[in-house]
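This is what each chain is made of:
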Amino acid sequence: MHHTCNIFIFYLPPYAPEYNPDELVNSDLKRAVGKKASPRSEKELEKNVRSHLKTLQLNPSKIASFFTSDFTSYAA
């Protein structure tokens, strides 16, 4: 069974972070981790990053919000 009628091609500029939901996740992560005290080790930094990503994982509405901007709605 072919699903070609459900496949759409979106041509994006070579560099367009605002169109990439991953970049919104990265930005959110940087803001959240940046609000914490500076990590004293690589291990502590990793713990902070993993903790925030776990928080995101448990918050589907936050994840959905990365796909609701005018720029990223194409990916929803």
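Located above this text is the structure these notes cover.
Asks: Tell me what's going on with the environment of asparagine 48, and back it up with residues and numbers.
Replies: Looking at where asparagine 48 falls in the secondary structure, it is placed in helix H2 (residues 42–57). As for asparagine 48 and serine 38, which are separated by 10 residues in sequence, their C-alpha atoms are 9.9 Å apart. With sequence-adjacent residues up to four places away left out, asparagine 48 is seen in contact with Val33, Lys36, Ala37 and Pro39.

Asks: Describe the packing of aromatic side chains, and please don't skip the residues or the numbers.
Replies: A ring pair, where both rings are aromatic, is described by two values, the distance of the centres and the angle of the planes. Following the criterion strictly, the structure yields one aromatic pair and no others. On the numbers, 5.2 Å between centres and 85° between planes, the contact of tyrosine 19 with phenylalanine 71 is edge-to-face. Taken as a pair, tyrosine 19 in the segment before helix H1 (21–35) and phenylalanine 71 in the segment after helix H3 (60–65) lie far apart in primary sequence, 52 residues in all.

Asks: Talk me through H1; I want residue IDs and the actual numbers.
Replies: The end-to-end C-alpha separation of H1 is 22 Å, in line with the 21 Å expected for 15 residues at 1.5 Å each. Among all positions of H1, only Pro21, Asp28, Leu29 and Val33 are buried. For H1, the angular spread of buried residues about the axis comes to 120°, placing them on one side. Turned more than 90 degrees from where H1 packs its buried face, Lys30, Gly34 and Lys35 sit exposed. Those residues of H1 hidden inside the fold are in contact with H2 and H3. N-capping of H1 is provided by asparagine 20, with a side-chain oxygen placed 2.9 Å from the backbone N of aspartate 22.

Asks: Talk me through the side chain of aspartate 28; I want residue IDs and the actual numbers.
Replies: Following the sequence through the fold, aspartate 28 ends up in helix H1. A distance of 3.2 Å separates polar atoms of two side chains, one belonging to aspartate 28 and the other to lysine 62. Residues contacting aspartate 28, with those up to four places away along its chain left out, are His52, Leu56, Lys62 and Phe66.

Asks: Residues and numbers for the side chain of threonine 72, please.
Replies: With respect to the element layout, threonine 72 can be found in the segment after H3. Of the polar contacts made by the side chain of threonine 72, one reaches the backbone oxygen of phenylalanine 66; its length is 2.8 Å. Residues in contact with threonine 72, not counting those within four places in the same chain, are Glu18, Tyr19, Asn20, Pro21, Leu24, Phe66 and Phe67.

Asks: Residue-level account of H2, with values.
Replies: A rise of 1.5 Å per residue sets the reference length of H2, with its 16 residues, at 22 Å; its end C-alpha atoms lie 22 Å apart and thus fit the reference within 8%. Every buried residue of H2 is accounted for by Asn48, His52 and Leu56. The buried residues of H2 occupy an angular sector of 75° when projected down its axis, which confines them to one face. Every exposed residue of H2 that faces more than 90 degrees away from the buried side is listed here: Glu42, Lys43, Lys47, Arg50 and Gln57. Check the buried side of H2 and you find it contacts H1 and H3.

The rules behind these values
- Residues numbered from 1 in each chain as written.
- Predicted model: local features only at pLDDT ≥ 70, side-chain atom pairs only at ≥ 80, totals over all residues.
- Heavy atoms only, no water.
- Helix = DSSP H or I, 4+ residues; strand = E, 2+ residues; numbered from the N terminus.
- Contact = heavy atoms within 4.5 Å.
- Phe/Tyr/Trp six-rings, centres within 6.5 Å; stacked < 30°, edge-to-face > 60°.
- Expected span 1.5 Å × (residues − 1).
- Buried < 20%, exposed > 50% of the residue type's maximum accessible area, 1.4 Å probe, protein only.
- Arc of directions from axis to C-beta.
- Polar contact = N/O pair within 3.5 Å; in protein donor to acceptor, adjacent residues only side chain to side chain.

In short, shape yes, function no, at least from these values alone.
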